[in-house]
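Per-entry structural report
Each chain, letter by letter, is given below.
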Amino acid sequence: MSEQELYGYRFEEIEVGMSATFGKTITEADILAFAGVSGDINPSHINEEFAQTTRMKTRVAHGMLTASLVSAILGCKLPGPGCLYVNQTSNFRKPVFPGDTVNARVEVTGLRPDKNFVDFETTCHVGDKLVMDGSAITWVPSIDT
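Let me sum up the structure you'll find in this document. The structure displayed is predicted, hence computed values, not measured ones.

Focus: the sheet that holds strand β5 (residues 129–139)
- Read across the sheet, five strands follow the order β1-β3-β4-β5-β2 without closing on themselves; strand pairing throughout is antiparallel. Each edge of the sheet is formed by a strand with only one pairing partner; in this case those strands are β1 (19–25) and β2 (84–92). Neighbour-to-neighbour, the strand axes of the sheet open up by a mean angle of 20 degrees, direction not taken into account.
- As paired elements, β2 and β5 share eight bridges and run antiparallel to each other. Of the residues in β5, the one forming a bridge with Ser90 is Gly134.

Take a look at the structure:
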């Protein structure tokens, strides 16, 4: 395994404008597993009969399940292994339904060398529909760390 695969990008290797993506179809199993792991067993996510009485008229995926796709990019692609989450904001614009394919994207918008912080714009789309946007900050190790 290469050093980049093991440690991801180092702070000095990152430039404003770099981006990475990750796509995933949200399955029934994903929703149930997320409910179990997170403890969020809101019936809007796991009980179709209940969900039919709600505003959406059917079950929706957890918003944080959608947001976690951003985490997958940051932790595995850009910056990748070795970075630490500092902050994330998420604005949930539209619901994600079981069976939807969510395409997450992060783009580097700023670098803060005094703290080794990298600022990101984050988005998630289902088709051409924006379902989540926001920002994230990660701490990224230096080449000499």
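Observations concerning the pattern of salt bridges
- Summed over all chains, the structure comprises six salt bridges.
- With a shortest N-O distance of 3.0 Å, Asp30 and Lys24 are connected by a salt bridge.
- With relative accessibility at 17%, the residue Asp30 sits in the buried group.
- Of the charged contacts, one joins Arg112 and Asp119 as a salt bridge, the two residues approaching to 2.6 Å between their closest N and O atoms.
- By relative accessible area, Asp119 is classed as buried at 18%.
- Each of Glu28, Glu48 and Arg59 takes part in a single network of salt bridges with overlapping partners.

Side note on the nonpolar core
- Counting 27 residues, the largest nonpolar core has Ile26, Val96, Val102, Val106, Val118, Phe120 and Cys124 as the members making the most contacts within it.
- Elements that contribute at least two residues to this core include exactly α5 (63–76), β3 (101–112), β4 (117–126) and β5.
- Looking at which element gives the most residues to this core, the answer is α5, with six residues.
- Not counting the four nearest positions on each side in its chain, Val96 is found in contact with Ile26, Val60, Ala61, Thr66, Val102, Val126 and Val131.

About the cut-offs
- Within each chain, residues carry numbers counting from 1 in the order of the written sequence.
- Residues qualify for local features only when their pLDDT is at least 70, as the model is predicted, and side-chain atom pairs are given and counted only at 80 or more; totals for whole chains, interfaces and linings, by contrast, use all residues.
- The basis for the side-chain values is all heavy atoms of the structure; hydrogens and waters are excluded.
- Here, any two strands with at least 2 DSSP bridges between them count as paired.
- By the criteria applied, helices consist of DSSP H or I runs no shorter than four residues and strands consist of E runs no shorter than two, each listed in order from the N terminus.
- Angles shown run from 0 to 180 degrees and are taken between the N-to-C directions of axes, each axis being a line fitted to C-alpha atoms and, for helices, limited to the stretch in contact.
- The rule for a salt bridge is simple: a side-chain nitrogen of Lys or Arg has to be within 4 Å of a carboxyl oxygen of Asp or Glu.
- Note on classification: 1.4 Å probe, protein chains only; a residue is buried when its accessible area is under 20% of the maximum for its type, exposed when over 50%, partly exposed between these limits.
- Put simply, buried Ala, Val, Leu, Ile, Met, Phe, Trp, Tyr and Cys residues joined by side-chain atoms within 4.5 Å make one nonpolar core.
- Any pair of residues with heavy atoms lying within 4.5 Å of one another is described as a contacting pair.

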